[in-house]
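What follows is the residue order along each chain.
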Amino acid sequence: MILALPGFLYYLLTAKGKNRYKPLSFFGPKQVAKTGHKFHGTFIPDTIYHRLNDFNLTDQNGKQVSFKNFDKKIFLASFFYTNCPTVCNEVNKNVSELVYAYRKNPMVYFTSFTVDPTRDTPQALKKYAGKFEETRKWLFLSGDTSITYNLARTGFLVNAVQAGKDDFIYTDKLILIDAEKRIRGYYSGTSAADLTKLNDEIKVLIAEELRKVDKALY
C-alpha cells in the first residue's frame with residue numbers, strides 16, 4: 001500500500017480530479033535533443049526544457065543559498081523589496097499562508113528575491129521576515145543586482161530592474177519550480193483564483209515527484 005500510494009495519488013489528481021489537475025506545462029524555450037525513445041516503431045526525440053542557472057545569494061540569516069538548498073525539492077519564487085508600499089505586502093501575506101499550509105511537507109520550499117539589495121541587507125530581511133508566523137522554509141534572498149536581475153530575466157523569465165531611486169519594476173508573479181529547476185507555472189500573487197490554482201498545482205507537482213520515487217522502487 002505504501003508503494004502504491006504515490007501512483008494512486010497521481011491517478012486521483014490527473015484522472016479522477018477536476019480539469020485543473022492535468023499535468024503541468026513547462027515554460028520557457030525548448031530544444032529537441034538527439035536522444036529519444038521509440039513508440040510503435042517511431043523514434044520520438046526527447047525535449048530539453050528551460051532550466052534555471054544556479055545562483056549564490058544570501059538569506060535573512062546571513063547564510064549562503066544555492067541550488068544545494070533545493071536538491072530534489074520543489075520551490076516557489078517571487079520578487080519584492082521591504083520598502084514596497086503596497087503590492088509586496090499583499091503578495092507576501094498570501095505567500096505566508098502557503099508557507100504555513102506546507103510547513104510540514106519536506107518537499108516544498110519558498111523563496112523571495114529582493115530587487116533592492118542596497119537597503120535589503122540580511123538584517124533588514126530578517127526584520128521583515130519577523131512579520132510572518134512561519135519562515136523556517138521561506139528564504140528571503142539578497143545579492144548583487146547583476147546576479148538577481150539577470151536571474152530574473154534569463155532564469156525565471158520575468159522583469160526586474162531599478163527605474164529610479166525608489167522605483168523598481170518587477171513582477172507580482174509567483175513562479176513554481178520543480179525539482180529539476182524547470183518552470184512549471186506562473187500565478188498572480190494578488191489573485192484569489194490564481195492562488196487557488198497554485199495550491200492545486202503544487203499538489204500535482206508533489207505527486208509527479210512522488211511518482212519518480214515510486215518508479216525507482218520497482
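Scroll up a little and you will see the structure.
Residues numbered from 1 in each chain as written. Predicted model: local features only at pLDDT ≥ 70, side-chain atom pairs only at ≥ 80, totals over all residues. Heavy atoms only, no water.

Topic: the environment of F67
Moving on, step 1. Structurally, F67 can be placed in the loop between β4 (64-65) and β5 (74-80).
Moving on, step 2. Spatially, the C-alpha atoms of F67 and K181 are 8.6 Å apart, while their sequence positions differ by 114 residues.
Moving on, step 3. The residues touching F67, leaving out its near neighbours within four places in the chain, are L52, N53, D54, F55 and K181. (Helix = DSSP H or I, 4+ residues; strand = E, 2+ residues; numbered from the N terminus. Contact = heavy atoms within 4.5 Å.)

What about the side chain of E134?
Moving on, step 1. Mapped onto the fold, E134 is located in the loop between α3 (122-129) and β7 (138-141).
Moving on, step 2. Looking at E134, the relative accessible area reads 13%, which means it is buried.
Moving on, step 3. For E134, the contacting residues outside a window of four places in its chain are V99, Y100 and R103. (Buried < 20%, exposed > 50% of the residue type's maximum accessible area, 1.4 Å probe, protein only.)

Some points on the pattern of salt bridges
Moving on, step 1. Across all of its chains, the model carries eight salt bridges by this definition.
Moving on, step 2. Its salt-bridge partner being K93, residue E97 comes within 3.2 Å of it at the nearest N-O pair. Placement of the pair is E97 and K93 together in helix α2 (residues 87-101), with a separation of four residues, close to one helical turn.
Moving on, step 3. Here E97 falls in the partly exposed class, since its relative accessible area comes to 47%.
Moving on, step 4. The shortest N-O distance in the salt bridge between E180 and R182 comes to 3.4 Å.
Moving on, step 5. Note on E180: relative accessible area 31%, which makes it partly exposed.
Moving on, step 6. Given a relative accessible area of 10%, R182 falls into the buried group.
Moving on, step 7. Where salt bridges share partners, they join R51, D178, E180, R182, R184 and E208 into one cluster. (Salt bridge = Lys/Arg side-chain N within 4 Å of Asp/Glu carboxyl O.)

Some points on the pairing of strand β8 (residues 160-164)
Moving on, step 1. Pairing geometry for β8 and strand β9 (residues 167-170), over four bridges, is antiparallel. Its bridge partner being in β9, G164 is matched across the sheet by D167.
Moving on, step 2. Between β8 and β9, which pair antiparallel and follow one another directly, the connecting turn spans two residues. (Pairing = 2+ DSSP bridges.)

Here we look at the nonpolar core
A general feature of soluble globular proteins is that nonpolar side chains tend to end up buried together.
Moving on, step 1. Of all hydrophobic cores here, the largest spans 54 residues; its most connected members are F55, F79, F110, F113, F156 and L176.
Moving on, step 2. Setting aside residues no more than four positions away along its own chain, F113 makes contact with F55, L57, A77, S78, F79, F80, L141, T148, L151 and F156. (Core = buried A, V, L, I, M, F, W, Y, C linked by side-chain atoms within 4.5 Å.)

Some thoughts on the side chain of K137
Moving on, step 1. Structurally, K137 is set in the loop between α3 and β7.
Moving on, step 2. In this structure, K137 is buried with no salt-bridge partner, the nearest side chain bearing the opposite charge being E134 at 8.1 Å.
Moving on, step 3. Of note is the side chain of K137, whose polar atom sits 2.9 Å from the backbone oxygen of Y102.
Moving on, step 4. Excluding anything up to four places from it in sequence, K137 contacts Y102, R103, N105, P106, V108, Y109 and F110. (Lys, Arg positive; Asp, Glu negative; His and termini not counted. Polar contact = N/O pair within 3.5 Å; in protein donor to acceptor, adjacent residues only side chain to side chain.)

So, the sheet that holds strand β11 (residues 183-188)
Paired through backbone hydrogen bonds, the strands of a sheet run either parallel or antiparallel to each other.
Moving on, step 1. As summarised here, the arrangement of the five strands in space is β7-β6-β5-β10-β11, forming an open sheet in which the pairing is mixed. Of all the strands in the sheet, the pair left with one neighbour each is β7 and β11. Taken over all neighbouring pairs, the strand axes of this sheet differ in orientation by 20° on average, direction set aside.
Moving on, step 2. Here β5 pairs with strand β10 (residues 173-177) via three bridges, running antiparallel. Across the sheet, the residue bridging to F75 is I177, located in β10.
Moving on, step 3. Its contacts with the sheet place α3 against β5, β6 (108-114) and β7, and it is angled at close to 145° to β7. (Axes fitted to C-alpha atoms, helices over the stretch in contact; angles between N-to-C directions.)

Considering the environment of K73
Moving on, step 1. Checked against the element boundaries, K73 lands in the loop between β4 and β5.
Moving on, step 2. Separated by 3.0 Å, the side chain of K73 and the backbone oxygen of P106 make a polar contact.

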